Amino acid sequence: PLTLEEVRMLVELFYLPYHHGALAQELLEHFRWLRANSLSVGVPATAPDACGGTRWRGRAQSFQRLCARTCRLHSRFVSTASRALLYDLHPYLWDIRNMLLAASAFVLWLGCQSISAPILLGRDAEPWARRGGLFGELQALLPVGNSCDLFYHPPPLFPSSQLYLLRPLLPLDKVGAVAWRGCSEGSQGLQAQLSRAPTLPGRLLGSFLSLSPEYTFVLEDEGGPCGYAAGALHAEGFLQQRDSSWLPAIRHKYPPDLGAGGPALGQDALEEAVLFFHAEPLAVPQPVLRRFPSLVQLGTAPRVLDVGASRSLALCLLSALRANGSRGVFCQVSDADRQQLSFYSKLG
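What counts and what doesn't
- Residue indices follow the written sequence of each chain, beginning from 1 at its first position.
- In keeping with the predicted nature of the model, local features appear solely for residues at pLDDT of at least 70, side-chain atom pairs appear and are counted solely at 80 or more, and the whole-chain, interface and lining totals rest on all residues.
- Only heavy atoms go into the side-chain values, all of them from the structure, while hydrogens and water stay out.
- Runs of H or I in DSSP of at least four residues are treated as helices and runs of E of at least two as strands, each being numbered from the N terminus.
- Categorising residues by exposure relies on relative accessible area from a 1.4 Å probe, with only protein chains included: less than 20% of the type maximum marks a residue as buried, more than 50% marks it as exposed, and the intermediate range marks it as partly exposed.
- Two residues qualify as a contact provided that any one of their heavy atoms is within 4.5 Å of a heavy atom in the partner residue.
- Here the Shrake-Rupley method, with its probe set to 1.4 Å, supplies the accessible areas, and only the displayed protein chains count as covering residues.
- Consider a residue and the seven residues that end there alongside the seven that start there; fitting an axis to each set, the bend is the angle between those axes.
- Disulfide assignment relies on a single distance test, namely cysteine sulfur atoms paired within 2.5 Å.
- For two strands to pair, DSSP has to find at least two bridges joining them.
- Between the N-to-C directions of two axes lies an angle of 0 to 180 degrees, each axis being a line fitted to C-alpha atoms and, for a helix, fitted only over the stretch in contact.
- By salt bridge we mean one thing: a side-chain nitrogen of Lys or Arg within 4 Å of a carboxyl oxygen of Asp or Glu.
- Among the buried residues, those of types Ala, Val, Leu, Ile, Met, Phe, Trp, Tyr and Cys that are joined through side-chain atoms within 4.5 Å form a nonpolar core.
- Segment limits for the domains were obtained from an automatic or database-derived domain assignment.
- Think of it this way: a Phe, Tyr or Trp ring, Trp meaning its six-membered ring, pairs with another when their centres are within 6.5 Å, and the plane angle makes it stacked under 30 degrees, edge-to-face over 60, tilted otherwise.
- Patch rule: a residue counts if its relative accessible area is over 30% and it has no salt bridge; like charges are joined within 9 Å, and nonpolar side chains (Val, Leu, Ile, Met, Phe, Trp, Tyr) within 5 Å.

Chemist: Please explain the overall build of the protein chain as it appears in this structure.
Modeler: A tally of regular secondary structure across the protein chain gives 13 helices and 5 strands. Expressed as a percentage of its 348 residues, the buried residues of the protein chain come to 48%. In the protein chain, of all internal contacts separated by at least 6 residues, the share reaching a separation of at least 24 is 75%. When the accessible area of the protein chain is evaluated, it comes to approximately 17800 Å², of which 59% is carbon and sulfur surface.

The following block contains the structure:
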């Protein structure tokens, strides 16, 4: 059963309409302070750590711990609460869990980025654009808080106790492992074939990992990486650099005849990967680039059934782009790619 401490946490998260419990108040105070003082940590890694940066990172760690406790509370609640109580209260706790996944990853991202544009952009939202309680106040603190359609989605019919971690791509990450394990549930042979031709996530993520790693986020569950979100702040320059330097280098590494001598089991996959790189990418119309200057790409593994985790991925990436001045984003999807079309449709 739930412990007394967990019940106390649940009560404090949803205390009174105009008064927060201690846990909710602590979460808000940390998040407000970290956002307001994020410029103190926007320094190169080689620079000496100032006193302000040390304090910021200490409070960031405290905020991370509170977010992790709340995510564990959601998982424990799904596993232990009676069915009647679960279906009454789960939508509220699920909402907070998703919001804190995004907020926690956004704070981690702030700790390693130099924000060159104000985080508060545009006019304040109308009162109806935000919900009340802790959820609404956390929403208002994210750079995309005025985009109310990003925050309204129904909870899953079958609650899951799966724990997730959402974070920026770290310098110590083994990029290849993230790329091939991130969204493919294929055979173990895929890892061996990676040296010859990348798997589908590697193909989709390769240009972002090389040219725009600062806007790449990783979703993890107990089985390891299970999702990604990648973006380019200035899509026009990103696409030009991809086509002029990154693609030629990849085509040289994977020549057109690479798949011809592959083993029978993996030959089709190898040929498909090689053709992917040697196909000419479609040009993005200038009106699109003018109205939506940033490019995004998201995906999750088939085992990720909770759309809330995918929503948190999108919220975190869009908040990072918005914090640096982006006015809008677009994504490129093939009309024949039913899996990606279904994924983006579920996100709304």
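Chemist: How do you make sense of helix H9 (residues 235–253) when you look at a structure like this?
Modeler: Two residues of an α-helix separated by three or four positions point the same way, owing to the 3.6 residues in each turn. Along H9, the helix axis deviates most sharply at Arg242, where the bend reaches about 45°. Inspection of H9 places Ala235, Phe238, Leu239, Arg242, Trp246, Leu247 and Ile250 among the buried residues, and these make up the whole buried set.

Chemist: Before we go on, may I ask you to explain the state of the cysteines in this structure?
Modeler: Put plainly, a disulfide is one covalent bond tying together the sulfur atoms of two cysteines. The full count for this structure, using the stated rule, is 0 disulfides. Summary of cysteine pairing: Cys71 is not part of a disulfide, and the nearest cysteine sulfur, belonging to Cys67, is at 6.7 Å. For Cys71, a relative accessible area of 8% gives the class buried.

Chemist: Hey, could you run me through helix H5 (residues 133–141) in this one?
Modeler: When we look at burial in H5, the residues that qualify are Leu134, Phe135, Gly136, Leu138, Gln139 and Leu141. On the buried face of H5, the contacting elements are helix H1 (4–13), helix H2 (22–36) and helix H4 (83–110).

Chemist: Help me out: how do you make sense of the sheet that holds strand S1 (residues 165–168) in this one?
Modeler: Strand order in the open sheet formed by 5 strands is S1-S2-S3-S4-S5, with mixed pairing between adjacent strands. Edge positions in the open sheet fall to S1 and strand S5 (329–330), since each of these has one partner strand only. Where helix H12 (residues 307–323) meets the sheet, it contacts S1, strand S2 (216–221), strand S3 (224–232), strand S4 (294–300) and S5, and its direction lies at approximately 160° from that of S4.

Chemist: What should I look at first to understand the pattern of salt bridges in this one?
Modeler: Oppositely charged side chains can form a pair if their charged atoms are brought close together. Summed over the entire model, instances satisfying the criterion amount to 8 salt bridges. Where Arg76 meets Glu6, a salt bridge forms, and the shortest distance between an N and an O atom there is 2.8 Å. Of this pair, Arg76 sits in helix H3 (residues 51–80) while Glu6 sits in helix H1, and the two are 70 residues apart along the sequence. Arg303 serves as the salt-bridge partner of Asp221, at 2.8 Å between the closest nitrogen and oxygen. Of this pair, Asp221 sits in strand S2 while Arg303 is found in the loop between S4 and H12, placing the two residues 82 residues apart along the sequence. With relative accessibility at 32%, the residue Arg303 sits in the partly exposed group. Here the residues in one salt-bridge network are Glu5, Arg8 and Arg69, joined through shared partners.

Chemist: Which parts of the structure should I look at to understand the nonpolar core?
Modeler: The nonpolar side chains of soluble globular proteins are, as a tendency, buried together. Core analysis: the biggest nonpolar cluster contains 66 residues, and Leu27, Phe31 and Phe217 have the highest contact counts within it. The residues that make up this core include at least three from each of domain 1 (1–150) and domain 2 (162–180 + 195–347). Residue contacts for Leu27: discarding those within four places in its chain leaves Leu13, Phe63, Leu66, Cys67, Thr70, Leu100 and Leu134.

Chemist: For this particular structure, what's the right way to read the packing of aromatic side chains?
Modeler: What the rule picks out here adds up to 7 aromatic pairs. When the ring of Phe135 is compared with that of Phe151, the centres are 6.3 Å apart and the planes differ by 85°; the resulting orientation is edge-to-face. Here Phe135, found in helix H5, pairs with Phe151, found in the loop between H5 and S1; they are 16 residues apart in sequence, far enough to count as distant. Each of the two residues, Phe135 as well as Phe151, counts as buried. Taking 5.5 Å as the distance between ring centres and 70° as the angle between the ring planes, the aromatic pair formed by Phe343 and Tyr344 counts as edge-to-face.

Chemist: Can you walk me through a nonpolar patch on the surface in this structure?
Modeler: Together, Val7, Val11, Tyr15 and Leu16 make up an exposed nonpolar region whose accessible area comes to about 350 Å². Locating Leu16 in the fold gives a position in the loop between H1 and H2.

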